[in-house]
Amino acid sequence: MRARPHRTLTPLALAILRLLHERPMHPYEMHQLVRDRGTDFVIKVRAGSLYHAVERLAALSLIASVETGRDGRRPERTVYAITDAGRDEFMDNLRDLVRSPAEEFPVFAAALEILATIEPAAARRLLMQRTFTLEAQVAGSEQVAGALVKSGLDRIDIVETEYAQHMLRAELTWVRNLIDDIDAGAITWSPSRHRAEHQTLRRSSATPMHEAPHDPRTTGKEHDS
């Protein structure tokens, strides 16, 4: 029997469905919980993006409004609950994300791929600046994790913050090691030579591989449409 196909949901959509697994709530409460639990430390939540995601999930019938009310002079707030279809989509997506590493394309990796076009001294200076930023991010993540632990959350509730911390520390260690290798002369490059080799490579691959070689017998003849 073939598995039922499912939609690929965004991390923010999954976070919303996760909250609605607990109980029905309105978007404002969702946004507060996202901040209080440090979810926005690992999931990008721009202004208005959560509300847009809620509207999208409702349009897909993965969540449904169950109540609309007003508290004093505040604007009306619609309370949403997860539907059975939403629970199925949530669990399918979650299993896929945990089971299979996603093919990701980090921006920093793209920068490293063309690092050799920068003078070594300039590259080292920029990498040092990156370590300062990473150190600040590690310190910030430790403060967030400490506050979450003090709030009484179990470790399973903050493992995403723990993972983010480890990834930051790993990158910081790797960048520091790269700087050490540059200082020790274990890695060297010449930007001018690299550019010349790159230009040669581009010229050698200028003709697309899928193009057929020129056939002199077709010269002056039109191809059939």
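One can find the structure itself at the top, above this paragraph.
Residues numbered from 1 in each chain as written. Predicted model: local features only at pLDDT ≥ 70, side-chain atom pairs only at ≥ 80, totals over all residues. Heavy atoms only, no water.

J.: Sorry if this is basic, but what is going on with the packing of helix α2 (residues 27-36) against helix α3 (residues 49-59) here?
T.: A packed helix pair is summarised by two numbers, namely the angle formed by the two axes and the spacing between the axes. Two numbers describe how α2 lies on α3: the axes approach to 10 Å, and their chain directions differ by 125°. The angle between α2 and α3 places the two elements in the oblique class. Like other packed secondary-structure pairs, α2 and α3 cross with a definite hand, here right-handed. Along its contact with α2, which presents Pro27, Tyr28, Met30, His31 and Val34, the element α3 presents Leu50, Tyr51 and Val54. Taken together, the residues of the contact of α2 with α3 break down into seven nonpolar, one polar and no charged. (Axes fitted to C-alpha atoms, helices over the stretch in contact; angles between N-to-C directions. Helix = DSSP H or I, 4+ residues; strand = E, 2+ residues; numbered from the N terminus. Parallel < 35°, antiparallel > 145°, perpendicular 65-115°, else oblique. Left-handed = near helix turned anticlockwise from the far one by under 90°. Contact = heavy atoms within 4.5 Å. Nonpolar A, V, L, I, M, F, W, Y, C, P; charged D, E, K, R; others polar.)

J.: So what exactly am I meant to see when it comes to the packing of aromatic side chains here?
T.: Centre distance and the angle of the planes are the two values used to describe a pair of aromatic rings. Under the counting rule described, the total for this entry stands at zero aromatic pairs. Sitting over the ring of tyrosine 28, arginine 77 keeps its end group 4.3 Å from the ring centre. Looking at arginine 130, its charged tip hangs above the ring of phenylalanine 108, at a distance of 3.6 Å from the centre. (Phe/Tyr/Trp six-rings, centres within 6.5 Å; stacked < 30°, edge-to-face > 60°. Lys NZ or Arg CZ within 6 Å of the ring centre and 35° of its normal.)

J.: Just checking my understanding: could you explain the layout of surface pockets for this structure?
T.: In this approach the atoms are scanned with a rolling probe the size of a water molecule, which exposes any empty space left behind. Quantified by volume, the largest pocket comes out at close to 2100 Å³. Surrounding the largest pocket, 45 residues form its lining, Pro11, Val42, Ile43, Glu160 and Tyr163 being those nearest its centre. For the lining of the largest pocket, the element with the highest residue contribution is helix α7 (residues 159-184), accounting for seven residues. Class assignment for the residues of the lining of the largest pocket results in 26 nonpolar, eight polar and 11 charged. The volume enclosed by the second largest pocket comes to roughly 240 Å³. Surrounding the second largest pocket, 14 residues form its lining, Leu9, Thr10, Ala13, Ala53 and Arg56 being those nearest its centre. Elements supplying a minimum of two residues to the lining of the second largest pocket: α1 (11-22) and α3. Among the elements that take part in the lining of the second largest pocket, α3 stands out by supplying five residues, more than any other. Its residues assigned to classes, the lining of the second largest pocket comprises seven nonpolar, four polar and three charged. (1 Å grid on protein atoms, 1.4 Å probe; cavity = no way out; pocket = protein on both sides within 12 Å on 5 of 7 lines; lining within 4 Å. Points joined across faces, edges and corners; volume = space filled by probe spheres on them.)

J.: Even after reading the chapter, I still don't get the pattern of salt bridges, so can you show me in this structure?
T.: Pairing is possible between side chains of opposite charge, provided their charged atoms come close. Tallied over the entire structure, the rule returns 12 salt bridges. A salt bridge links glutamate 162 to arginine 155; the shortest N-O distance between them is 2.6 Å. Residue glutamate 162 is classed as partly exposed on the basis of its relative accessible area of 24%. Here the salt bridges do not stand alone but share partners, grouping Arg18, Glu22, Arg23, Glu29 and Arg37 into one network. (Salt bridge = Lys/Arg side-chain N within 4 Å of Asp/Glu carboxyl O. Buried < 20%, exposed > 50% of the residue type's maximum accessible area, 1.4 Å probe, protein only.)

J.: Sorry, what's going on with helix α6 (residues 120-150) here?
T.: Every α-helix winds through 3.6 residues per turn, so residues three or four apart in the chain are directed the same way. Over its 31 residues, α6 extends 45 Å from the first C-alpha to the last, a length consistent with the 45 Å expected when each residue adds 1.5 Å. Looking at α6, one finds that the buried residues are Ala122, Ala123, Leu127, Thr131, Leu134, Val138, Ser141, Ala145 and Leu148. Where α6 terminates, the next one or two residues include glycine 152, which has phi positive at roughly 100°. (Expected span 1.5 Å × (residues − 1).)

J.: It is not clear to me how the environment of threonine 68 should be interpreted in this structure. Could you clarify?
T.: If you trace the backbone, threonine 68 turns up in strand β1 (residues 63-69). With 11 residues separating them along the chain, threonine 68 and valine 79 place their C-alpha atoms 6.0 Å apart.

J.: Where do I start with the side chain of threonine 161 in this structure?
T.: Following the sequence through the fold, threonine 161 ends up in helix α7. The residues touching threonine 161, leaving out its near neighbours within four places in the chain, are Gly38, Phe41, Val42, Ser141, Val144, Ala145 and Leu148.

J.: Help me understand unusual backbone geometry in this model?
T.: Phi is mostly negative for residues that are not glycine, and the peptide bonds are mostly trans. Residue serine 61 is not a glycine yet carries a positive backbone phi of 65°. Within the secondary structure layout, serine 61 lies in the loop between α3 and β1. Residue classification places serine 61 among the partly exposed residues on the basis of a relative accessible area of 45%.

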